[in-house]
Amino acid sequence: MIINKISPPFWMKRFLFLLLFIGITISCKDNQSEQKTEDSISNNLLVSDSISNIKYANSFTISNYKGYKIIEITNAWPGATKQFKYALVEENGKLPPDLEVDAVVNIPLQNIVVTSTTHIPSLEMLDVENTLIGFPNLDYISSEKTRKRINANEIKELGRNEDINTEVLIELNPKLVVGYGIDNENTTFKTIQKAGIPVVYNADWTETTPLGKAEWIKFFGAFYGKEKLADSLFNKIEEDYNSAKKLALTAETKPTVLSGALYKDVWYMPQGDSWGAQFIADANGNYLWKDSNGTGSLSLNIESVLEKGKNAQFWIGPGQFSSLNQLKEANSVYANFNAFKNKNVFNFTKKKGETGGVIYYELAPNRPDLVLKDIIKALHPELLPDYQPYFFSKLQ
């Protein structure tokens, strides 16, 4: 062995040197730690295992400090150059005097206004839906639980999202408004902020992966002190999603898939790196436009789609259509696709709330596990023989 070739004196010297080095390092680290702790306490910046575990979402981070949390939004809208920093202050918590933030929010929240239906499921899953006191265009909300509160006049109508009634909102005086935007020029939000009501951006819609969108439940969990519950809920969704994805890989076939539909003579369908395309890939489907670059939508003419997609075995998500007859009446060219001829067209438009809102738009970003299972059921029904699809159904 090599160790026997080293003479005892030389070996002992190296050993003593190593002990001395470790001792000096520990001493330095102790001194640095003590100094850091003293500095932290003096500035009220005592970190408690700082950054929260965000695994898939790319547009926000949560950092935990003594008495407060910091949420940073790194991509409030596609191409955003400004980052936003929000301080969530616990009871008796204090912020450092030199800390610059875009909003200060006292937590746990007692009430809230949100502006997207995709925010509703997070509140319900965290059992804090009773804190919702206002929403723009209540008819868009489909959840039965929240609609009961709407029908009981417990949630105030705030107009339309692009034109929120600021007078009603300011009179309502919520502790927080959760908004979203396409740029930093939202005059409505600025008016609300001038009234002393904090506004924060939620950027769940900018995420391009199924689990990335779903992970935004942790964003809401931080405002209510329910981080552990949010983690637990997300971990179960993640586990179910990955289990379904693994199951899909056992399928003996990988069918070809078409998506989208015409709108004013332009066929829109998911780009290859998009949320929608990933669902098809994870369901072990061969999306014919998977090699296209981008996370948004392709804009194609009908001729190119027909040439490439005519023989596709399945058609997933044909726009707003809910029957084969609707498709054919809208444009006879749809009947030329093999997926149409073989009645292998699946969509999510049939399941609606009592006021006509499509449940998929509200709940799907929070429950990608259900979306994936639905698509697996469509492409590989033998893998999930007893599963009843939640969003998608075969068009008749």
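Above this text sits the structure in question.
Residues numbered from 1 in each chain as written. Predicted model: local features only at pLDDT ≥ 70, side-chain atom pairs only at ≥ 80, totals over all residues. Heavy atoms only, no water.

**Focus on the overall build of the protein**
- Helix and strand content of the protein: 14 helices and 20 strands.
- The buried share of the protein, reckoned over its 396 residues, is 47%.
- Long-range contacts, defined here as pairs at least 24 residues apart, represent 58% of the contacts in the protein between residues at least 6 apart.
- Per element, the accessible surface of the protein, about 20800 Å² overall, is 50% carbon and sulfur. (Helix = DSSP H or I, 4+ residues; strand = E, 2+ residues; numbered from the N terminus. Buried < 20%, exposed > 50% of the residue type's maximum accessible area, 1.4 Å probe, protein only. Contact = heavy atoms within 4.5 Å. Areas by Shrake-Rupley, 256 points an atom, 1.4 Å probe, with all protein chains shown as cover.)

**Considering the packing of aromatic side chains**
- Summed over all chains, the structure comprises 30 aromatic pairs.
- Aromatic pair W315 and F337: ring centres 5.5 Å apart, planes at 50°, arrangement tilted. Separated by 22 residues along the polypeptide, W315 in strand β18 (residues 314-316) and F337 in the loop between α11 (324-330) and α12 (338-341) bring together distant segments of the chain.
- Take F337: its relative accessible area is 0%, and that puts it in the buried class.
- Summarising the aromatic geometry, the rings of F321 and Y334 are spaced 5.8 Å apart at their centres and angled 65° between planes, so their arrangement reads as edge-to-face. Here F321 is found in the loop between β18 and α11, whereas its partner Y334 is found in the loop between α11 and α12, with 13 residues between them in sequence.
- Under the relative-accessibility criterion, F321 is labelled buried at 16%.
- An aromatic cluster of three or more residues is present, and its members are Y241, W275, F279, F348, Y360, Y361, Y390, F391 and F392. (Phe/Tyr/Trp six-rings, centres within 6.5 Å; stacked < 30°, edge-to-face > 60°.)

**A look at the pattern of salt bridges**
- Applying the stated criterion across every chain yields a total of 12 salt bridges.
- Among the ionic pairs, R147 bridges to E354, the shortest N-O distance being 3.7 Å. Taken as a pair, R147 in helix α3 (residues 144-151) and E354 in the loop between β19 (345-347) and α13 (359-363) lie far apart in primary sequence, 207 residues in all.
- The exposure class assigned to R147 is buried, which follows from its relative accessible area of 3%.
- Using a relative accessible area of 59% as the deciding quantity, one classes E354 as exposed.
- Among the ionic pairs, E215 bridges to K218, the shortest N-O distance being 2.8 Å.
- Here the salt bridges do not stand alone but share partners, grouping K69, E90 and E227 into one network. (Salt bridge = Lys/Arg side-chain N within 4 Å of Asp/Glu carboxyl O.)

**Here we look at the sheet that holds strand β8 (residues 156-157)**
- Ordered by their spatial adjacency, 5 strands build an open sheet running β8-β7-β6-β11-β12, and the pairing between neighbours is parallel. At either margin of the open sheet sits one strand with a lone partner, and together these are β8 and β12 (199-201).
- For strand β6 (residues 112-114) and strand β11 (residues 177-179), the ladder comprises 2 bridges, and the chain directions are parallel. The partner of V114 across the bridge, within β11, is V178.
- Along the sheet, helix α5 (residues 187-194) contacts β11 and β12; its crossing angle with β12, the most-contacted strand, is approximately 140°. (Pairing = 2+ DSSP bridges. Axes fitted to C-alpha atoms, helices over the stretch in contact; angles between N-to-C directions.)

**Quick look at helix α9 (residues 275-282)**
- Within α9 the residues assigned to the buried category are W275, A277, F279, I280 and D282.
- One or two positions beyond α9, positive phi appears at N284, with a value near 65°.

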